[in-house]
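Residue strings, one per chain:
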Amino acid sequence: MDLQLGLALPIHHPAIGSEPNDQEGLHKKWVNSKRCHGEAFGERSSRKSQSLAWSGRPNEDDDPSERRSKLSCSMNKFRYREGAEGDDQVVGWPPIKSWRKKFMHGLQRPPRRDLYHNVRPAEKEDGKPGHNTFVKVKMEGVAIVRKIDLRIYQSYNSLKGALIAMFSRYNRDDFKDHASYTLTYQDKEGDWLLAGDLPWLNFVESVRRLEIQRSRDGNQIRAGQNHTMSSSNILRPY
Amino acid sequence: MNYFPDEVMEHVFDFVTSNRDRNAISLVCKLWYRIERLSRQRVFIGNCYAISPERLIARFPGVKSITLKGKPHFADFNLVPHDWGGHVYPWIEVLARSRVNLEELRLKRMVVTDEGLELISRSFVNFKSLVLVTCEGFTTDGLAAIAANCRSLKELDLQENEVEDHRGQWLNCFPESCTSLVSLNFACLKGDINLATLERLVARSPNLKSLRLSRAVPLETLQKILVRAPQLVDLGVGSFVHDPDSETYSKLLTTIEKCKSMRSLCGFLEVAAYCLPAIYPICSSLTSLNLSYAPGIPGSELTKLIRHCRKLQCLWILDCIGDKGLGVVASSCKELQELRVFPSDPYGVGNASVTEEGLVAISRGCPKLTSLLYFCQQMTNAALKIVAQNCRNFIQFRLCILDPTKPDSSTNEPLDEGFGAIVQSCKGIRRLSLSGLLTDQVFYYIGMYAEQLEMLSIAFAADSDKGMLYVLNGCKKIRKLEIMECPFGNIALLSDVGKYETMRSLWMSSCEVTLGGCKTLAKKMPRLNVEIFSENNEMENCIDDEQKVQKLYLYRTLVGPRKDAPDYVWTL
């Protein structure tokens, strides 16, 4: 049964986020669950009444059951407006606190794989542009800056290993020892920090650039010693 | 009449702590009124526009704790336009100027600003407790002022507020000398937190009993905090994700076992289901569990967890627990008094949802239930009747069928009889929210049986004015009535205008009342503020009394129309 409600604004399903492929399917799903009483119980006349641009108030002369079905149809199609998230919803229904709605909406992202094993794919958060998981990596002493996709790594170890391998062709040393290298990163606030303190997923979200350096004579590298540093950023080295 | 000196009376009154009882005391005679008002320390004001701060202080000069509520309840559901009001700054200003010895401020649905928070922090030397629920208008800069200046701060409790996070170091603003914290809740903040500062703050707060963390606090930090604060009674977990083979996780397991005082758990704002077993050791002593903000935990994991929580009195959960899961709750949690089941997917078809079966199971297993909020896919009269028979102690009963005009799913009849059974059986019911297909009949039952009803929320219900009339005539104790999308008009509105002075407020949106009806009401009742909202200034252009009013909010007040109403609010 085709349940296109002509007067309704295009429905953006809030629960799944901006997945254009799913829009139509979701539209149908949402519309199905929102059949008005009249439609659900085969009263054709109420369907026709939807196409009337009635101003929304039932006429007091109406017979109660007809008014009721009009009201329930009306719930489906009028009093839409842009919610804070840009979703079209019947205002005030369901009666869920807007804070809670926003929180759950902020969590509804394209299906993500198990948190531990994989990095979250690029996503929208609070309407800001999706976080780009490609970051530039500079190796000290090497002119060429490389770009890597953080999504394919699951831990600091695997990232560091890959970077060392990537850059090893540029230098003659055969150091594959992780301890000889220090990984630092620039976060979204512009500060240079030593990598390793944040949980991996938090790190992926905040990293903007990476740098890998070799320790000299066993001395630990300080974060951002090649860059302007903010004072509060001396962290335990990785 | 009075045989005791004032000091003795005052001492006796000290034992009377409930505001209602104290209000009653003050009505006995002038002497008691005087003694009571001079010794009153806690004042509750359900509508900040019903009274002015000046009058409050004049009557209760010794007040130390004030609770204020601002916007109408339906503001929670985006029905009240932005900038409606509920500003707390004027209150703080007057309180500060009058040198009130304010120690505690609890606000709900109010607009709070950084200036206000700063003024609080500088004006009240003994300020101890700030509780903000569903407020907005402030940033973490305001919190920094509170942290920095309130020397004896015990409680900073932020629940579901809209806070602009400036990612400053507000936590750093707690001085090293601050060791008095008992309760800290910043779960609603979205920005990053300086974790080292947080750990140090916890380390120097030996009285800390309640700590609720935001999503920015990872599991490693949680573990370190719990080591410092094994005395915690109430914990809100931020992020609970980690590699189960890691050292941190095994440390966490050991640490959690030492938290013998833990009674209440909430949060899990980011969680991996396989991490949940870490909390099993403390589940057996939990009395309160709120997993309603924990996304994506499958029903099977939820039920595994709940089987361990045999002492639970309060449970807030998402509907992905399913009817079967509620069956597990019913068989495990015999002490349950409060249950809230929230929809995980409010606009979806309902794969993850609950039905009348879950509710019936709960009623069979948990006879002590007094408070229910239940979002479900469908309901039947038969189920409600069974619930009414099994649970006679409901004080709050809020049922929300996601499709608001859905009839009984097995008989297609209205749900009048089901709700009727509830109000008839639960004589103490004080708060009721209805949904589903409902006619005037359910209101007949409510008016007839719900003698203790104080708050009623209705949407998409009734056939005529009779519905509202039954409620207004029958419910002697009704205080708050909020109605949306019902066919109630001027006849109902104007039938007993004096009634509204016995109530706190009335909200009607998308009903049948007209501008003329509202004007009549306002004219007859000068001690009500009758506010009309128009969303597109139609009220300015159109003065036709026959025009239907989109939103009406009226409330009793001793101080006349408010001066801070925005343009779209017309006080008649």
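About the cut-offs
- Residues numbered from 1 in each chain as written.
- Chains lettered and ligands numbered in written order.
- Predicted model: local features only at pLDDT ≥ 70, side-chain atom pairs only at ≥ 80, totals over all residues.
- Heavy atoms only, no water.
- UniProt positions renumbered as here; feature names shortened; annotations may be inferred.
- Core = buried A, V, L, I, M, F, W, Y, C linked by side-chain atoms within 4.5 Å.
- Buried < 20%, exposed > 50% of the residue type's maximum accessible area, 1.4 Å probe, protein only.
- Contact = heavy atoms within 4.5 Å.
- Axes fitted to C-alpha atoms, helices over the stretch in contact; angles between N-to-C directions.
- Helix = DSSP H or I, 4+ residues; strand = E, 2+ residues; numbered from the N terminus.
- Parallel < 35°, antiparallel > 145°, perpendicular 65-115°, else oblique.
- Nonpolar A, V, L, I, M, F, W, Y, C, P; charged D, E, K, R; others polar.
- Phe/Tyr/Trp six-rings, centres within 6.5 Å; stacked < 30°, edge-to-face > 60°.
- Pairing = 2+ DSSP bridges.
- Right-handed = clockwise from strand over helix to strand, strands pointing away.

- By the naming in an unreviewed UniProt entry, chain B goes by Protein AUXIN SIGNALING F-BOX 2-like and is assigned to Rhodamnia argentea.
- What UniProt states about chain B under its Pathway (unreviewed entry) heading is, verbatim, "Protein modification; protein ubiquitination."
- The UniProt entry for chain B carries the following comment under Subcellular location (unreviewed entry): "Nucleus".

- An unreviewed UniProt entry lists chain A under the name Auxin-responsive protein, with Rhodamnia argentea given as the organism.
- Word for word, the UniProt comment on chain A under Function (unreviewed entry) is "Aux/IAA proteins are short-lived transcriptional factors that function as repressors of early auxin response genes at low auxin concentrations."

Quick look at the nonpolar core
- Among the nonpolar cores identified, the biggest contains 207 residues, and Phe-240, Phe-397 and Ile-446 of chain B are the most heavily contacted of them.
- Ignoring anything within four residues of it in the chain, the contact list for Phe-240 of chain B reads Leu-219, Leu-222, Leu-252, Phe-268, Glu-270, Val-271, Ala-272, Cys-275, Leu-276, Ala-278 and Ile-279 of chain B.
- Val-135, Val-142, Ile-148 and Leu-150 of chain A belong to the second largest nonpolar core, which has 23 residues in total.

Overview of the packing of helix α6 (residues 114-123) of chain B against helix α7 (residues 140-149) of chain B
Residue and element names in this part refer to chain B.
- Two numbers describe how α6 lies on α7: the axes approach to 8 Å, and their chain directions differ by 5°. Relative to α7, the element α6 is oriented roughly parallel. Packed against α6, whose contacting residues are Asp-114, Leu-117, Glu-118, Ile-120, Ser-121 and Arg-122, the element α7 presents Asp-141, Gly-142, Leu-143, Ala-145, Ile-146 and Asn-149 at the interface.
- Looking at the contact of α6 with α7, its residues break down into 5 nonpolar, 3 polar and 4 charged.

Notes on the packing of aromatic side chains
All names here are of chain B.
- All told, the structure shown has 24 aromatic pairs over all chains when counted by the stated rule.
- Between the aromatic rings of Phe-74 and Phe-77, the centroid separation amounts to 5.8 Å while the plane-to-plane angle is 50°, which identifies the pairing as tilted.
- Residue class for Phe-74 comes out buried when judged on its relative accessible area of 6%.
- Classification of Phe-77 by relative accessible area gives buried; the value is 8%.
- For the pair Phe-240 and Phe-268, a centre-to-centre distance of 5.2 Å together with 80° between the ring planes defines the contact as edge-to-face. On the criterion of sequence distance, the pair formed by Phe-240 in strand β10 (residues 234-240) and Phe-268 in strand β11 (residues 264-271) is long-range, its members being 28 residues apart. Each of the two residues, Phe-240 as well as Phe-268, counts as buried.
- An aromatic cluster is present here, built from Tyr-49, Phe-74, Phe-77, Trp-84, Trp-507, Phe-533, Tyr-553, Tyr-555 and Tyr-568 joined pairwise through their rings.

Thoughts on the pairing of strand β4 (residues 129-133) of chain B
Residue and element names in this part refer to chain B.
- Of all 5 residues in β4, 5 are buried, a share of seventy percent or more.
- Here β4 shows no split at all, with Ser-129, Val-131 and Val-133 on one side and Leu-130 and Leu-132 on the other all buried.
- Bridge count for strand β3 (residues 104-108) against β4 is 5 bridges, and the pairing is parallel. Bridging across to β4, Arg-106 finds its partner in Val-131.
- Since β3 and β4 lie parallel, the crossover through α6 that links them has a hand, and here it is right-handed.

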